[in-house]
Amino acid sequence: MCEFTATEIAEALCKADGLQLAAHSTIYNRVKYLAKREILVPTRRLDARGTLAFGPLEVYRAAVFCELVGLAMDVRALDAVKAAATAHFEGNAAAPSQMIKGGRYSRGALQDAVKGVAAGEEWSLKLWRVNPGLRIVSDQHGTGVELSPEKIDAAYVWAGAGPLWSPRIDAIFQRKPTRALLSVDLQECFRDLIPIAGLPE
């Protein structure tokens, strides 16, 4: 498996965008921040100084997070994107790159998106604010409803998968519809990075 240090990840991101790392310390600082906050998941420690090695998937995670950090995103949004990366794709239709021997196989949403972009599919990362409403809760005493707070949600989405949510769902949970939706174009984010970082296993 190919491994990258944080510096090598920053160099790969710059190279994919046609930039020189020496002239773009902002990218280097963002990647270091992501590694320090453990948003990037290391595979192992390389030396006594604490240099960490990261697998190819972390190069793509860094690319996504560098876009979001550049927008000064709320930390809650970063947490939602981190959780979405490991979720298994749940769209209405499987992307062709997810089909294996007639069945559907998800490797985790971020890895599905990378492989999908490599196969020429349209993928994006969507972030939205879920308004306060009701939620169903169950415990040993039974099932009921309680107020749910506002939250930020995220999903990696294949263009052919259908809608992420329905106005009917908002009505059921007695909440206002989502008004703000942010979309990150993963083709633009990953296309020139794939020949540099390779595909995750």
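The structure under discussion appears in the preceding block.
Residues numbered from 1 in each chain as written. Predicted model: local features only at pLDDT ≥ 70, side-chain atom pairs only at ≥ 80, totals over all residues. Heavy atoms only, no water.

Draft legend 1. Fine view of the overall build of the protein. Each helix and strand in the protein was counted, giving eight helices and nine strands. Within the protein, the proportion of its 201 residues that are buried is 40%. Within the protein, contacts between residues separated by at least 24 positions form 65% of all contacts whose residues are at least 6 apart in sequence. Only carbon and sulfur atoms are counted for the fraction: they give 53% of the accessible area of the protein, which is about 11300 Å². (Helix = DSSP H or I, 4+ residues; strand = E, 2+ residues; numbered from the N terminus. Buried < 20%, exposed > 50% of the residue type's maximum accessible area, 1.4 Å probe, protein only. Contact = heavy atoms within 4.5 Å. Areas by Shrake-Rupley, 256 points an atom, 1.4 Å probe, with all protein chains shown as cover.)

Draft legend 2. Structural detail: helix H5 (residues 109-118). Of all 10 residues in H5, eight are buried, a share of seventy percent or more. Of all the positions in H5, only Ala 109, Leu 110, Gln 111, Asp 112, Ala 113, Val 114, Gly 116 and Val 117 are classed as buried. One or two steps after H5, the chain reaches Gly 120, where phi turns positive at roughly 90°.

Draft legend 3. Looking closely at the state of the cysteines. With the rule as written, the count across this model stands at zero disulfides. Its sulfur unpaired, Cys 2 is 17 Å from the next cysteine sulfur, which belongs to Cys 14. Residue Cys 66 stays outside any disulfide, its sulfur separated by 8.8 Å from that of Cys 189, the closest cysteine. (Disulfide = S-S within 2.5 Å.)

Draft legend 4. Examining helix H1 (residues 6-16) more closely. Turning to H1, its buried residues number three or more, namely Ala 6, Ile 9, Ala 10, Ala 12, Leu 13, Cys 14 and Ala 16. Buried residues belonging to H1 abut helix H2 (25-36), strand E2 (52-54), helix H3 (56-70) and helix H8 (194-197). Positive backbone phi, at 70°, marks Gly 18, one or two positions downstream of H1.

Draft legend 5. Expanded view of unusual backbone geometry. Here the phi dihedral of Glu 38 falls at roughly 60°; this positive angle occurs in a residue that is not glycine. Structurally, Glu 38 can be placed in the loop between H2 and strand E1 (42-45). By relative accessible area, Glu 38 is classed as exposed at 57%.

Draft legend 6. Main features of the packing of H3 against H5. It is at 10 Å that the axes of H3 and H5 come closest, and there the two elements cross at 90°. The angle between H3 and H5 places the two elements in the roughly perpendicular class. Residues Leu 57, Tyr 60 and Arg 61 of H3 pack against Leu 110, Gln 111 and Val 114 of H5. Tallied by class, the residues present in the contact of H3 with H5 amount to four nonpolar, one polar and one charged. (Axes fitted to C-alpha atoms, helices over the stretch in contact; angles between N-to-C directions. Parallel < 35°, antiparallel > 145°, perpendicular 65-115°, else oblique. Nonpolar A, V, L, I, M, F, W, Y, C, P; charged D, E, K, R; others polar.)

Draft legend 7. Geometry of the pattern of salt bridges. Following the criterion strictly, the structure yields seven salt bridges and no others. In this structure, the salt-bridge partner of Lys 151 is Asp 153, at a minimum N-O distance of 3.8 Å. (Salt bridge = Lys/Arg side-chain N within 4 Å of Asp/Glu carboxyl O.)

Draft legend 8. Main features of the pairing of strand E6 (residues 133-139). Of the pairings in the sheet, the one linking E6 to strand E7 (residues 142-148) comprises seven bridges and is antiparallel in character. By the bridge assignment, Ser 138 is partnered in E7 with Thr 143. Adjacent in sequence and paired antiparallel, E6 and E7 are bridged by two residues. (Pairing = 2+ DSSP bridges.)

Draft legend 9. A look at the packing of H1 against H2. Packing of H1 against H2 brings their axes to within 9 Å, and their N-to-C directions diverge by 135°. Regarding the angle of H1 to H2, the classification is oblique. Read as a crossing pair, H1 and H2 show a hand that is right-handed. Where H1 abuts H2, its residues Ala 6, Thr 7, Ile 9, Ala 10, Leu 13 and Cys 14 lie against Ile 27, Tyr 28, Val 31 and Lys 32. (Left-handed = near helix turned anticlockwise from the far one by under 90°.)

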